[in-house]
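Fold and contact review
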Amino acid sequence: MKKGIETMGYIHFKSFYDKYPVIQMKESNGSVFKDTPSILKELSRVQEGVIVFETYPGVDLERLNQDIISKLNVTKLVNIETYAKSEKTIDKMLEKNLTQDRVFGLYAHHQIEDFYEMDQILKLRNDLFNKKGLTVVYGFGASLIKADVLIFVSITRWEIQLRYRKGLTNFQSKNSDEDILRKYKRGYFVEWRVADRIKENNIQSMNYLIDYNDIDHPKMIDYIAYENSLNQLTNRPFRMVPYFDPGIWGGQWMKEVCNLDPKEQNYAWSFDGVPEENSIRLGFDDTFIEIPAQDLVQFRPKELMGARVYGRFGKKFPIRFDLLDTMEGGNLSLQVHPLTEYIQDQFGMTYTQDESYYILDTKDDGTVYLGFKDSVSQDAFEKDLISAESGEKMFDADKYVNVFPAKKHDHFLIPAGTIHCSGKNTMVLEISACVYIFTFKLWDWGRQGLDGRPRPVHLEHGFKALQYDRNTEWVENQLINRIEKISDYEEITGLHETEFLETRRYTFDDAVDIKTFGSVNMANLVDGQKALITSIDGSFDDYEIHYAETFVVPSTIETFRVKCLDQQGCKLIKAHVR
Ligand SMILES: O=P(O)(O)OC[C@H]1O[C@](O)(CO)[C@@H](O)[C@@H]1O
């Protein structure tokens, strides 16, 4: 270790991990407004007609009104949300989607019109028709009124989740103190689906987008700059902004490797490869605009993912990378994911949560629980879990489930239906299908969640998913280090034949050329301090990535070159859709 560099011992170099990646945009004819005065100057040019602020659920309407709208020369102001159906009517309408469960619902197919008293909206449309002066309509659903100037006011899913924790309510709900899981469920299964449909239906008419993630510093771009940025992103590698969250089993590794706050108790998850949850920072000179990465999936699906993948998955991004840190932490819950037919029938999701654990690091006793031991009695197993859930006794997981030692660079494949969890002292890079909330916890080791309540266990769902024939021999043969050598530097490491992702690992100390196979690729530098991604045909600028960082390569790039910038050599793992 070099003198003067402080480490906790998980890495022998100073981490270059970038927590706030900004993707620098090249010049466009579009405009960027980097603070409130410049937004006001631009919008004040509109003196007649209707400005519509279509706000994503979770945007602070009071502040929007106070800091921006009230500073315009408004003749008539309409908060569209005052025309929404009552809380009771909406709750009744959503009963089937929200269910009684704390976690799982049914994807909503509603449109924004379903949430509004449409006869009153029609009347409002008539009242506003040809009105003199400036009318401003704002709120979730404001685009029900035809705009002369349409502004999307955007915040990211992670920002919404942080606001839920501070008391943000769901749309038309007085649920400030409600269980966070239920608020998230309402967002995930209903509101975000409806909000993304509004974007889908109105993107062609959008004039500006306000990035309202930082409530004190709104920023804005016009449609040309926005469109041009999406185009640029489909032609270059990029990273999404990661976020980190503590958990009951969380560890200490990411603190050091990802440059996080050492005073936090732990970090469990990092999501950095989930467009629905992560964001992208678009760099314009000395400022940036943060947009949900989902915008790129929604508005450039074919270029981003490739025609073949788009044809198969539509506007759903299929690959997920995330980090699970149990170093000096605890075991994840013992869990299983639904089979495809079950997730389709019960929840309305089209494909399932197939997973894999790529091991980034372990302590000497790092483990992965995977598959059943031989001759397990299903009856005894279920009875023991049921009595463990009722608190009668602890569940003896080791009696039923294989526990395999895990070491750096092992790859464990976890097709849906396989009982599993990462043990403590194991640092996992999860490489999975991009479905991420359909986890049926079976046993949580008798502990409480960080909120002091037991975390939700779903035995009934879990029992329907478990595949009892996945025993020790089957797991050893099918799921652990199924490495196929392609060349001196390239190997296929998975996933299992029932999973639609293929993963390839590259070991190199100079440079490698990596094919994308007509699919979007997601990759992570799993060894080496840094590497440079370069274009073979000069179509994009060099892009530096660092140890443990995840990045995306759009399908438009057929082959990319990665140069190792570490004398000790590099390893990179990437996934594409088969
Ligand atoms: O349920 P636990 O114990 O928090 O496990 C970690 C979770 O994170 C995921 O890996 C990703 O969401 C799930 O598969 C899993 O439920």
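Residues numbered from 1 in each chain as written. Predicted model: local features only at pLDDT ≥ 70, side-chain atom pairs only at ≥ 80, totals over all residues. Heavy atoms only, no water.

1. Some remarks on the overall build of the protein chain
As a reminder, the rule being used: Labels follow the DSSP assignment, with helices taken as runs of H or I lasting at least four residues and strands as runs of E lasting at least two, numbered in each case from the N terminus. C-alpha atoms define the radius of gyration, and 2.2 Å times the number of residues to the power 0.38 defines the globule rule. Buried residues are those whose accessible area, probed at 1.4 Å on protein chains only, stays under 20% of the maximum for their type, while exposed residues exceed 50% and partly exposed ones sit between those limits. Residue-level accessible areas treat just the shown protein chains as cover; the underlying method is Shrake-Rupley with a 1.4 Å probe. The charged-residue count follows a simple rule in which Lys and Arg add positive charge and Asp and Glu add negative charge, with His and chain termini not counted at all. A single reference atom marks each charge: NZ on Lys, CZ on Arg, CG on Asp, CD on Glu.
Regarding its fold elements, the protein chain presents 16 helices and 31 strands. In terms of overall size, the protein chain behaves like a compact globule, its C-alpha atoms giving a radius of gyration of 25 Å where 578 residues would be expected to give roughly 25 Å. With respect to the principal axes defined by its C-alpha atoms, the protein chain has extents near 75 × 60 × 45 Å. The buried share among the 578 residues of the protein chain stands at 61%. Summing over all exposed atoms, the protein chain offers an accessible surface of approximately 23900 Å²; the carbon and sulfur share of this is 46%. For the protein chain, the distance from the average position of its 71 positive side-chain charges to the average position of its 89 negative side-chain charges is 2 Å.

2. Observations concerning the site of the ligand
We apply this condition: Put simply, a residue is near a molecule or strand once any heavy atom of it comes within 4 Å of that molecule or strand. Throughout this description, a polar contact denotes any pair of N or O atoms lying within 3.5 Å of each other; where both atoms belong to protein, one of them has to be capable of donating a hydrogen while the other can accept it, and for residues adjacent in sequence the pair is counted only when both atoms sit in side chains.
Surrounding the ligand, one finds 16 residues, the nearest of these being Ser-333, Glu-430, Thr-439, Lys-441 and Arg-455. Trp-269 is positioned such that a nitrogen or oxygen atom in its side chain is 3.0 Å from an oxygen atom of the ligand. When the ligand is considered free in solution it has 370 Å² of accessible area, and contact with the protein chains removes 95% of it. Elements with a contribution of two residues or more to the shell around the ligand: strand S10 (269-273) and strand S13 (319-325).

3. Some words on the domain arrangement of the protein chain
As a reminder, the rule being used: Domain boundaries shown here were taken from an automatic or database domain assignment. Between two residues, a contact is recorded if the distance between any of their heavy atoms is within 4.5 Å. When two components associate, each loses some accessible surface as probed by a 1.4 Å sphere; the sum of these losses over both components is called the buried area. When a carboxyl oxygen of Asp or Glu is within 4 Å of a side-chain nitrogen of Lys or Arg, the pair counts as a salt bridge. We call Asp, Glu, Lys and Arg charged. Ala, Val, Leu, Ile, Met, Phe, Trp, Tyr, Cys and Pro are nonpolar, and the rest, Gly among them, are polar.
The domains assigned to the protein chain are domain 1 (36-217) and domain 2 (243-482). Computed over C-alpha atoms only, the centres of domain 1 and domain 2 are separated by 33 Å. Between domain 1 and domain 2, the residue contacts involve 27 residues of the former and 31 residues of the latter. Summed over both partners, the interface of domain 1 with domain 2 buries about 2500 Å², with 54% contributed by carbon and sulfur atoms. In terms of surface lost to domain 2, no three residues of domain 1 exceed Arg-102, Phe-104 and Trp-158, which account for 25% of the buried area on that side. Linking Arg-193 and Glu-276 is a salt bridge whose minimum nitrogen-to-oxygen distance equals 3.2 Å. The tally of links between domain 1 and domain 2 comes to 13 residue pairs in polar contact (both at pLDDT 80 or more). Contributing elements (two or more residues each) for the side of domain 1 that touches domain 2: helix H5 (157-165), helix H6 (180-202) and strand S7 (206-211). Ranked by residues supplied to the side of domain 1 that touches domain 2, first place goes to H6 with eight residues. Here the residues of the side of domain 1 that touches domain 2 sort into 12 nonpolar, five polar and 10 charged.

4. Notes on unusual backbone geometry
With an omega of -5°, the peptide bond running from Gly-494 to Leu-495 counts as cis. Residue position: Leu-495 is located in the loop between strand S23 (490-494) and strand S24 (501-508). Positive phi outside glycine occurs at His-409, with the angle close to 75°. Mapped onto the elements, His-409 comes out in the loop between strand S17 (401-405) and strand S18 (411-414).

5. Comments concerning the sheet that holds strand S22 (residues 484-485)
The cut-off we apply is this: Between any two strands, at least two bridges found by DSSP are needed for them to pair.
Strand order in the open sheet made by the six strands is S22-S23-S24-S31-S26-S29, with antiparallel pairing throughout. The two strands at the open ends of the sheet, each matched to only one other strand, are S22 and strand S29 (550-553). The pairing of strand S26 (residues 521-527) with strand S31 (residues 570-577) spans six bridges and is antiparallel. The residue bridging Asn-524 from the neighbouring strand is Ile-573, located in S31.

6. Section: the pattern of salt bridges
A pair can form between side chains of opposite charge whenever their charged atoms are brought close. For the structure shown, the criterion picks out 37 salt bridges. Note that Glu-42 and Arg-45 form a salt bridge whose closest N and O atoms lie 3.1 Å from each other. When its relative accessible area of 15% is taken as the criterion, Glu-42 is described as buried. With a shortest N-O distance of 2.6 Å, Glu-502 and Arg-504 are connected by a salt bridge. Of the residues examined, Arg-504 reaches a relative accessible area of 12% and is grouped as buried. Several salt bridges converge on common partners, so that one network encompasses Arg-157, Arg-193, Asp-196, Lys-199, Glu-276 and Asp-295.

7. As for the packing of aromatic side chains
Short version of the rule: Ring pairs are drawn from Phe, Tyr and Trp, using the six-membered ring of Trp, whenever the two centres fall within 6.5 Å, and their geometry is named by plane angle: stacked under 30 degrees, edge-to-face over 60, tilted for the rest. Charge over a ring is defined by NZ of Lys or CZ of Arg lying within 6 Å of the ring centre and within 35 degrees of the ring normal.
Throughout the structure, instances matching the rule amount to 40 aromatic pairs. On the basis of an interplanar angle of 65° and a centroid distance of 6.2 Å, the ring pair of Tyr-17 and Phe-244 is categorised as edge-to-face. Note that Tyr-17 is positioned in the segment before strand S1 (22-24) and Phe-244 in strand S9 (residues 243-245), a separation of 227 residues in sequence. Ring centres of Phe-381 and Phe-395 lie 5.8 Å apart, and the angle between their planes is 75°; on these two criteria the pair is classed as edge-to-face. You can see Phe-381 sitting in helix H13 (residues 378-389) and its partner Phe-395 sitting in the loop between H13 and helix H14 (397-400), a full 14 residues away along the chain. Given the relative accessible area of 0%, Phe-381 is considered buried. According to the relative accessible area criterion, Phe-395 is buried, its value standing at 6%. When the ring centre of Tyr-17 is taken as origin, the NZ or CZ atom of Arg-239, which lies over that ring, is 5.2 Å away. Residue placement shows Lys-530 over the ring face of Phe-16; its charged tip is 4.3 Å from the ring centre.

8. With respect to the state of the cysteines
The criterion, for reference: Any two cysteine sulfur atoms lying within 2.5 Å of each other are counted as a disulfide.
Taken as a whole, this structure holds one disulfide when the rule is applied. Between the sulfur atoms of Cys-564 and its disulfide partner Cys-570 the distance amounts to 2.2 Å. Sign of the S-S torsion, about 75° for the bond between Cys-564 and Cys-570, identifies this disulfide as right-handed. Residue classification places Cys-564 among the buried positions, given a relative accessible area of 10%. As a non-bridged cysteine, Cys-434 has Cys-258 as the owner of its nearest cysteine sulfur, 19 Å distant. Its relative accessible area of 10% is what places Cys-434 among the buried residues.

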